[in-house]
Amino acid sequence: MKKVLQDYTMKTVTIENIGKYEDEIVTVRGWLTHKRSSGKIRFLVLRDGTGIIQAILIKGEVEDEIFQLYNTLTQESSIAITGRVRREPRSPGGYELLVSSISIFQIAENYPITPKEHGIGFLMDHRHLWLRSQRQNAILRIRHTVINVARQFFDSRGFILFDAPIFTPSCCEGTTSLFRTRYFENENAYLSQSGQLYLEAGAMALGKVYSCGPTFRAEKSKTRRHLTEFWMLEPEIAFADLDEIMALAEELVVTIVKGVLKTRQKELQTLNRDIARLERVSSPFYLMAYDDAVQLLQDSGVSFVWGDDFGGGDETIISNHFDRPVMIHRYPAQCKPFYMKNDPERPEVVLCMDLLAPEGYGEIIGGGQREDSLSELEQKIAHAGLPAADFAWYVDLRRYGSVPHAGFGLGIERTVAWICGIPHVRETIPFPRLLQRLYP
RNA sequence: UCCCCAGUAGCUCAGUUGGCAGAGCAGGUGGCUGUUAACCACCGGGUCCGCGGUUCGAGUCCGUGCUGGGGAGCCA
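Below: a short report on this structure. (Residues numbered from 1 in each chain as written. Chains lettered and ligands numbered in written order. Predicted model: local features only at pLDDT ≥ 70, side-chain atom pairs only at ≥ 80, totals over all residues. Heavy atoms only, no water.)

Taken together, the neighbourhood of RNA strand B is formed by 46 residues, with His34, His118, Arg224, His226 and Arg414 sitting nearest. Here a base oxygen of RNA strand B sits 2.9 Å away from a polar atom, N or O, in the side chain of Gln54. Gly119 has a polar backbone atom sitting 3.0 Å from a phosphate oxygen of RNA strand B. Going through the elements one at a time, β2 (25-37), β3 (41-47), β4 (52-58), α2 (120-125) and β18 (362-369) are the ones with two or more residues in the surface near RNA strand B. (Near = heavy atom within 4 Å. Polar contact = N/O pair within 3.5 Å; in protein donor to acceptor, adjacent residues only side chain to side chain. Helix = DSSP H or I, 4+ residues; strand = E, 2+ residues; numbered from the N terminus.)

Structure follows, in C-alpha cells:
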C-alpha cells in the first residue's frame, strides 16, 4: 500500500455519518466512482458502501503532490481521503470534503462499467462489479431490511427459527422439476423446492416455527418473476387454521412495508419509487374467494374457466383492480398440491390462499391449511402418484397426535422487487441464478 | 419446449437502394478556479457472432447454427 501524507491522528468515518463531523478533519475510505476537473479545481466522488461524497482539490490550497495525484486516480481506485467536512449545497449528499491528503490502496485498472448506459447482458456478466452501483446498493439494503423486519416479526411473536434441509430425498410438491444430485450412495438427492413438509414436523415439535432459506426450481421459466434459485420465508403453526394464517400474512406484509418505509427512504428515492403507493399498503387487504376472482376475470373479458389456475396475466388483471394487496382463497383442489386440506363445506376447493401484490407484481405469498387426516393424506399421496415410502415420515405426523395446522411461504425476491418498484427479480438478489445464467 | 426481437470498436448504438467501417462514451495527450453522466481540441481503437450460399461486389439479401434479451407454458 502506497501511503502519501497519511495523518493517523485523524478520525476515520463513514459517509452516512459525515454530517456529524461538520468543520472537523476526518478520513473517509472508499472507492472513486467519478472524477471531474475544471483546471485549477478538481472533484473526486468517493463511495464507501454507506453513501457517496464529493471531495474537492483546489490548486494552491492543497500540496501540489496531492493535487497532481488526481491525474493518476482511475475509476474504482481504492483510496482514503483526509479533509475538512463542510456543508455544501452544490455537492451531492449536501457535504463535501476539502482535501488535505490522499492515500492510495490501489490504482484500479480500466473499469468496465462506465458512467454511460450498458445493456442488461453486459451488466449481468459483470454482476460482481455492478453490485457497487448506487441502484444495486439501494436494492440490496432494502432486501436486507425486508428479511430483517420479517425475522423480527416472527421472533417477537414466539416463532422459533427452524432451518429446513436443502438436500431432500424426494420432491415436496410432486409436479415441478427438481435438481438432482448423485452424491449419496444408492439414492438420488434433490435440492429443496420448499421447506414446508419439514416445517410441519417442526410445528409439531415447537408449536410455531419459521424458516428463511434458498429453494431451487428446475423450471424452464424465462420471465421477470422467476429465478432458478430463490429465497423463501416460511412460517408454520400448529393448531392454526386458514383464517389465522391469512391474518398473519397480512400483518407480516404490512409490517415489512412499514419497516422499509421507516428506515429506507433514501434507498426508495434512489430507485424513484412512488412512495405513496407503498404508504397505501395497510390493513385490511382485499379478500376474495377464487370464485369471485374468476367472475372478475370473466367480467374483464378474459375467457377463463373455473378450475384453471391463474397465469401471470390473469394475476395482473386481478391485482390492478385494487390499490392494496389482494388475498385470494379457496382454489379448486386440482390447482394445488396434495397436502392442502379440502374445505369441509365445499370439498371441491381447498383451504388455501395466495397473496397478490399490487401493480402487477403477482403472487408473493402462497399457503394454506394442511391435510391433517391420516387416511385423507394417504389417499392424496397415492392419488398424486407419489412414492409412499418417501413420505412415510410425513404421514407419521398425522399418526402421532395430528392437529389442524397451517402455514405459508413468502417469496423474498418478488416481495423486494415489488417494494423497490423494479421490473425484474434478477436485481433483488446478489448473484441471481437464471435459466441462462450461472456466472458469475 | 414454443413464439418474438437482437448480435457492428472496451460499452451503448447508427449504418440509406447491395458500392471506402461511423458517432457518443470509455482509454491517451493538452486546455479550463464550482464541476454534477462537466465541457473544448487532438490521438489510438474493428474476426461487422460462426459456417455456407446469391452477386462483379454482402455489415446489408437467403439458408443454417450459436449466444443473449423479452414473452408463453410451469411456478414463489
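Attention now moves to the packing of helix α4 (residues 134-155) against helix α13 (residues 412-420). The interhelical angle for the contact between α4 and α13, taken along N-to-C directions, is 120°, at an axis separation of 10 Å. Compared by their axis directions, α4 and α13 come out oblique. The interaxial crossing formed by α4 with α13 has right-handed handedness. Note on element contacts: α13 touches α4 through Ile412, Glu413, Thr415, Val416, Ile419 and Cys420, opposite Ile139, Ile142, Arg143, Val146 and Ile147. When the residues that make up the contact of α4 with α13 are grouped by side-chain class, the tally is eight nonpolar, one polar and two charged. (Axes fitted to C-alpha atoms, helices over the stretch in contact; angles between N-to-C directions. Parallel < 35°, antiparallel > 145°, perpendicular 65-115°, else oblique. Left-handed = near helix turned anticlockwise from the far one by under 90°. Contact = heavy atoms within 4.5 Å. Nonpolar A, V, L, I, M, F, W, Y, C, P; charged D, E, K, R; others polar.)

It is worth spelling out the side chain of Asp314 at this point. For Asp314, the position within the fold is in helix α10 (residues 312-319). The buried charged residue Asp314 lacks any salt bridge partner; its closest oppositely charged side chain belongs to Arg225, at an N-O distance of 9.7 Å. Filtering out sequence-adjacent residues up to four positions away, Asp314 remains in contact with Leu297, Val302, Phe304 and Asp309. (Buried < 20%, exposed > 50% of the residue type's maximum accessible area, 1.4 Å probe, protein only. Lys, Arg positive; Asp, Glu negative; His and termini not counted. Salt bridge = Lys/Arg side-chain N within 4 Å of Asp/Glu carboxyl O.)

Moving on to the sheet that holds strand β9 (residues 180-181). Note: strands within a sheet are paired through backbone hydrogen bonds, in either parallel or antiparallel orientation. Judged by pairing direction, the sheet is antiparallel, and its three strands sit side by side in the order β8-β10-β9 without closing on themselves. On the outer flanks of this sheet lie β8 (167-168) and β9, each paired with one strand and no other. Sheet topology places β8 next to strand β10 (residues 189-191); two bridges connect them, and they run antiparallel. Note on β10: the bridge partner recorded for Thr168 is Tyr190. (Pairing = 2+ DSSP bridges.)

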